[in-house]
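A look at the structure
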Amino acid sequence: MISRVRSAAQTTHCSAELIEREDISANLAIFRFRVSEQLSFIAGQFATIGIVVDGEPLERPYSIVSSPHEPVLEFFIELVPEGSFTPKLWELKPGSAILVRRRIVGQLVLDTAVTRHLMLATVTGVAPFVSILRTQKIERDRGVLSNHQFVVIHGASQSADFASYRSELEALSRAGWLTYIPTVSRPWAEPHWKGETGRIDDIVRKYADRLGFDQSNSIAYACGHPQMVANVKAILERDRFSRNQIKEEKYF
Ligand SMILES: Cc1cc2nc3c(=O)[nH]c(=O)nc-3n(C[C@H](O)[C@H](O)[C@H](O)COP(=O)(O)OP(=O)(O)OC[C@H]3O[C@@H](n4cnc5c(N)ncnc54)[C@H](O)[C@@H]3O)c2cc1C
């Protein structure tokens with residue numbers, strides 16, 4: 001049975017080996033895979049990955065964190081303890097293999113019709129934005145001219161959940177083309193937290209207005225928790241963003 005699944009999957013899937021796993025907390029981890037072949041994708045898209053369970057492939061989509069210019073495929077994933085897939089993923093150790101669909105898709109890619117990009121993410125929803133921003137950095141370093149400006153508002157209940165992406169995006173923001181705003185929704189649990197507090201919904205208008213990202217010059221991208229996506233869409237629509245100026249990816 002497993003060999004039948006494997007041979008059927010050979011035309012549509014390739015294999016990938018887990019080379020590194022970074023546990024951020026009991027329920028959050030970064031997974032880095034070496035894929036058996038070079039996959040073609042656009043920064044911001046998602047891959048469908050699979051694990052063979054009882055002879056059948058079980059699959060879920062995950063936004064790719066890495067840039068298409070990087071040799072590894074990186075994901076930032078939340079464990080859903082009662083879920084079907086993520087508890088199996090959590091059993092993987094370096095050297096374990098998974099399936100990856102060769103066809104990588106997704107619409108949450110950079111819209112180059114404008115130069116201002118307002119990116120809103122809950123926890124793991126930062127993944128496609130990191131891919132886009134790493135790609136910007138790599139291409140700028142190679143001398144590609146870019147006049148794109150980015151704001152990332154990254155929400156989590158506690159600052160540890162920003163993982164290493166917080167320091168990575170803070171470092172990128174020093175170059176002047178990115179403003180990174182991490183915000184925690186349970187500041188009472190972290191008396192030393194000096195950054196922004198509240199949910200993304202609470203602060204999106206403040207930063208969009210302050211930084212001059214409005215419906216005349218910007219595209220907004222919302223990714224992660226479905227309620228955050230619904231809330232910010234309503235807020236931005238009241239701020240005269242049209243529906244096609246708001247791109248979204250809901251993680252459920
Ligand atoms: C385009 C796309 C990209 C995605 N990218 C990512 C990503 O980069 N990182 C990531 O962690 N997830 C991502 N997801 C979510 C992911 O595909 C799975 O839905 C998630 O990992 C749960 O899988 P599961 O099989 O363990 O749970 P399931 O068995 O599918 O779900 C079990 C129950 O948990 C609920 N549930 C599902 N996800 C969550 C959640 N996050 N929190 C609480 N309850 C949940 C379901 O509604 C269901 O009731 C993405 C989803 C989509 C559609």
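In the block above lies the structure referred to throughout.
This report concerns the structure included in the present document. Residues take numbers from 1 onward in each chain, read along the sequence in its written order. Reporting in this predicted model follows two pLDDT cut-offs: at least 70 for local features of residues, and 80 or more for side-chain atom pairs to be given and counted; totals over whole chains, interfaces and linings ignore these cut-offs and use all residues. Calculation of side-chain values draws on the structure's entire complement of heavy atoms; hydrogens and water are dropped beforehand.

1. Section: the pairing of strand β2 (residues 28-35)
- Here β2 lies mainly inside the structure; seven of its eight residues are buried.
- Strand pairing is assigned whenever DSSP detects at least two bridges linking the two strands. Counting from the N terminus, the helices are the DSSP runs of H or I reaching at least four residues and the strands are the DSSP runs of E reaching at least two. In sequence, strand β1 (residues 13-25) turns back onto β2 through a hairpin of two residues.
- In this sheet, strand β5 (residues 73-78) lies alongside β2 in antiparallel orientation, the contact comprising six bridges. Bridge pairing in β5 links Phe33 to Leu73. Exposed residues in this analysis have more than 50% of their type's maximum accessible area, buried residues have under 20%, and partly exposed residues fall in between, with area computed by a 1.4 Å probe over protein chains only.

2. A few points about the site of the ligand
- For each residue, the test is whether any non-hydrogen atom lies within 4 Å of the molecule or strand; if one does, the residue is near. Taken together, 20 residues surround the ligand, and among them Arg60, Pro61, Tyr62, Phe85 and Thr86 come closest.
- Definition of a polar contact: a pair of N or O atoms within 3.5 Å, with one able to donate and the other able to accept a hydrogen when the atoms are protein atoms, and with sequence-neighbouring residues admitted only if both atoms are side-chain atoms. Separating an oxygen atom of the ligand from a backbone N or O atom of Pro61 is a distance of 2.7 Å.
- Here an oxygen atom of the ligand sits 2.9 Å away from a polar atom, N or O, in the main chain of Ser84.
- Contact with the protein chains hides 77% of the accessible area of the ligand, taken as 920 Å² for the molecule alone.
- Of all the cavities here, the one that holds the ligand is the largest pocket.
- Elements with a minimum of two residues in the shell around the ligand: β4 (56-63), β5, α2 (86-89) and β12 (246-250).
- A per-element tally of the shell around the ligand places β4 first, with four residues.
- Looking at the shell around the ligand residue by residue, the class counts come to 10 nonpolar, five polar and five charged. For every accessible area listed, the method is Shrake-Rupley and the probe measures 1.4 Å; residues are considered covered only by the protein chains on display. In this analysis the probe radius is 1.4 Å and the grid spacing 1 Å, with only protein atoms considered; a cavity is a set of points the probe fits into but cannot get out of, a pocket is an open set with protein on both sides within 12 Å along at least five of seven lines, and lining residues have an atom within 4 Å of a point. To qualify as sitting in a cavity or pocket, a molecule needs more than half of its atoms within 2 Å of the grid points. Here the term charged refers only to Asp, Glu, Lys and Arg, the term nonpolar to Ala, Val, Leu, Ile, Met, Phe, Trp, Tyr, Cys and Pro, and the term polar to all other amino acids, Gly among them.

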